Amino acid sequence: MQAITVQDRTAGPAGMSLTDMPHPQAAENDVIVRVHAAGFTPGELDWPATWTDRAGRDRTPTIPGHELSGVVAELGYGTTGLTIGQRVFGLTDWARNGTLAEYTAVEARNLAPLPADIDHVTAAALPISGLTAWQALFHHGHLTTGQTALIHGAAGGVGSIAVQLARETGARVIATGRAADRDKALTLGADTFIDLHNDRLEDAAEADVVLDVIGGDILDRSAALVRPGGTLVSIAAPPRIHPTNGRAIFFVVEPDRAQLTELATRARQGLLTPFVGAVRPLAEAPAAFTPGRRVPGKTIIRVTQDPA
């Protein structure tokens, strides 16, 4: 099969290439997915798990990418809950070969059925951003109807989904970002918008949940905006300053079939739309990793043109 691989940790995107790789083997409770569309995180070439397995052993050449949408092609021994030919989407393990390939091996529990009326490109944009937003707001932040959520980076991949989820839950939403992001954030459902370059963050109302995707000074200053009993949730870095009468949490997103199913349901109902930007073929994936490229929306790699 063809896949994007990388072998030199110091080379960055320049070390990525389209190569022939052996067809993956399904371990116990795995499925082999024929990948139709894949997503990635530009910074994943810096992650230790990209280069070593869970035992710390070198696993180069490695295949990056961890989000996928496709069709089940094979079942591993003991696999239940999915069938050959079924449309699926999900999030692969951090320490295994990823999704920028024609086929990939995935634990079945990391995948959810994909409804026929959601296209593969849209589905591939959901797993990391969608699960991160869901887990931040509801699992860690316990956001409920009538509360207030302050969401940093509201026009980004995670932030834009978080705004939609919080709004659909019946929460009041305070969004932050650059001035150019104001209209988008308000269109997604934010009640107010704070320009982090020109407005005072400290003038924002207190929130029950503050979701930080930026880190640094913004994360430090956000602790003071948490209501008593509220939660500061960060995916950028462990908070150095904690709310006076609240909690502070840093977490890394985890696969979850039930949550993926909830996201798909909302996408079908028109309540949730991931922000898809460029859609590029597999051969162009290395260029999409180029540092410093600011492209609106999430770049998705279309691996196969098959319509299923």
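In this report, the structure presented in the accompanying data block is examined. (Residues numbered from 1 in each chain as written. Predicted model: local features only at pLDDT ≥ 70, side-chain atom pairs only at ≥ 80, totals over all residues. Heavy atoms only, no water.)

1. Quick notes on the overall build of the protein
The helix and strand tally for the protein stands at seven helices and 15 strands. Relative to the compact-globule value of 19 Å for 308 residues, the protein shows a C-alpha radius of gyration of 19 Å, a close match. For the protein, the C-alpha atoms occupy an extent of roughly 55 × 40 × 35 Å along the three principal directions. Long-range pairs, those at least 24 residues apart, make up 63% of the contacts in the protein with a sequence separation of at least 6. For the protein, the accessible surface area stands at approximately 13,200 Å², while carbon and sulfur atoms represent 50% of it. Averaging the positions of the 26 positive and the 33 negative side-chain charges in the protein gives two centres separated by 2 Å. (Helix = DSSP H or I, 4+ residues; strand = E, 2+ residues; numbered from the N terminus. Rg over C-alpha atoms; globule rule 2.2 N^0.38 Å. Contact = heavy atoms within 4.5 Å. Areas by Shrake-Rupley, 256 points an atom, 1.4 Å probe, with all protein chains shown as cover. Lys, Arg positive; Asp, Glu negative; His and termini not counted. Charge placed at Lys NZ, Arg CZ, Asp CG, Glu CD.)

2. With respect to the packing of aromatic side chains
In this description, an aromatic ring pair is defined by two values, namely the gap between the centres and the angle between the planes. With the rule as written, the count across this model stands at three aromatic pairs. Between F40 and F289, the aromatic rings sit 4.3 Å apart at their centres with planes inclined by 20°, giving stacked as the arrangement. One end of the pair, F40, is in the loop between β3 (30-39) and β4 (67-75); the other, F289, is in the loop between α7 (285-288) and β15 (298-302), and 249 residues separate them in sequence. With 5.5 Å between their ring centres and 90° between their planes, W47 and W94 make a pair best called edge-to-face. Within this pair, whereas W47 is found in the loop between β3 and β4, its partner W94 is found in the loop between β5 (87-91) and β6 (103-107), the two being separated by 47 residues in sequence. Classification of W47 by relative accessible area gives partly exposed; the value is 27%. (Phe/Tyr/Trp six-rings, centres within 6.5 Å; stacked < 30°, edge-to-face > 60°. Buried < 20%, exposed > 50% of the residue type's maximum accessible area, 1.4 Å probe, protein only.)

3. Details of the side chain of T62
Secondary-structure assignment places T62 in the loop between β3 and β4. Assessed through its relative accessible area of 0%, T62 is described here as buried. For T62, the side chain forms a polar contact with the main-chain oxygen of T50, separated by 3.0 Å. Ignoring anything within four residues of it in the chain, the contact list for T62 reads I4, T5, V6, T50, W51 and N97. (Polar contact = N/O pair within 3.5 Å; in protein donor to acceptor, adjacent residues only side chain to side chain.)

4. With respect to the nonpolar core
Counting residues in hydrophobic clusters, the biggest one holds 41 residues, and the most contacted among them are F89, L137, L143, I151, L165 and A166. For this core, the secondary structure elements donating two or more residues are β5, α2 (127-140), β8 (148-151), α3 (157-169), β9 (172-177), β11 (207-212) and α6 (257-268). Residue contributions to this core peak at seven residues, all from α2. If we ignore the near neighbours within four places in the chain, the residues touching L165 are G130, A133, W134, L137, F138, L263, R266 and L272. Counting 32 residues, the second-largest nonpolar core is a separate cluster that includes W51, L68, A105 and L282. (Core = buried A, V, L, I, M, F, W, Y, C linked by side-chain atoms within 4.5 Å.)

5. Things to note about the sheet that holds β11
Spatial ordering of the open sheet is given by β10-β9-β8-β11-β12-β13, a layout of six strands whose pairing is parallel. Bordering the open sheet on either side are β10 (192-195) and β13 (247-250), each of which pairs with just one other strand. Strand-to-strand twist of the sheet, defined as the mean angle between neighbouring strand axes without regard to direction, takes the value 15°. With four bridges joining them, β9 and β10 adopt parallel strand pairing. (Pairing = 2+ DSSP bridges. Axes fitted to C-alpha atoms, helices over the stretch in contact; angles between N-to-C directions.)

6. Concerning the environment of N245
Tracing the backbone shows N245 in the loop between β12 (226-234) and β13. Under the relative-accessibility criterion, N245 is labelled exposed at 55%. Sequence separation of N245 and G229 is 16 residues, and the distance between their C-alpha atoms is 5.9 Å. Apart from the residues within four sequence positions on either side, N245 is in contact with R227, P228, G229 and G230.

7. Things to note about unusual backbone geometry
A cis amide bond links T60 with the next residue in sequence, P61, at an omega value of 0°. Counting through the fold element by element, P61 comes out in the loop between β3 and β4. A positive phi angle, near 70°, is found at N29, a position not held by glycine. Its place among the elements puts N29 in the loop between β2 (16-20) and β3.

8. What about the pattern of salt bridges?
Per the stated rule, a full pass over the model turns up 17 salt bridges. The salt bridge involving R54 is made with D93; its shortest N-O contact spans 2.7 Å. Linking R54 in the loop between β3 and β4 with D93 in the loop between β5 and β6, this pair joins segments that are 39 residues apart in sequence. Classification of R54 by relative accessible area gives exposed; the value is 66%. Because the salt bridges share partners, they merge into one network encompassing E168, E262 and R266. (Salt bridge = Lys/Arg side-chain N within 4 Å of Asp/Glu carboxyl O.)

9. Let's talk about α2
For an α-helix the count is 3.6 residues per turn, leaving residues at separations of three or four pointing the same way. Of all 14 residues in α2, 13 are buried; the element is thus mostly enclosed. Looking one or two places after α2, you find H142, whose phi comes out positive at around 55°.

10. Considerations on the environment of G81
Relative to the helices and strands, G81 is located in the loop between β4 and β5. The class for G81 is exposed, based on a relative accessible area of 56%. C-alpha separation for the pair G81 and P113, spaced 32 residues apart in sequence, amounts to 9.4 Å. Here G81 is in contact with Q86 and R257, once residues within four sequence places are set aside.

Take it as geometry only, folks, not as evidence of what the structure does.
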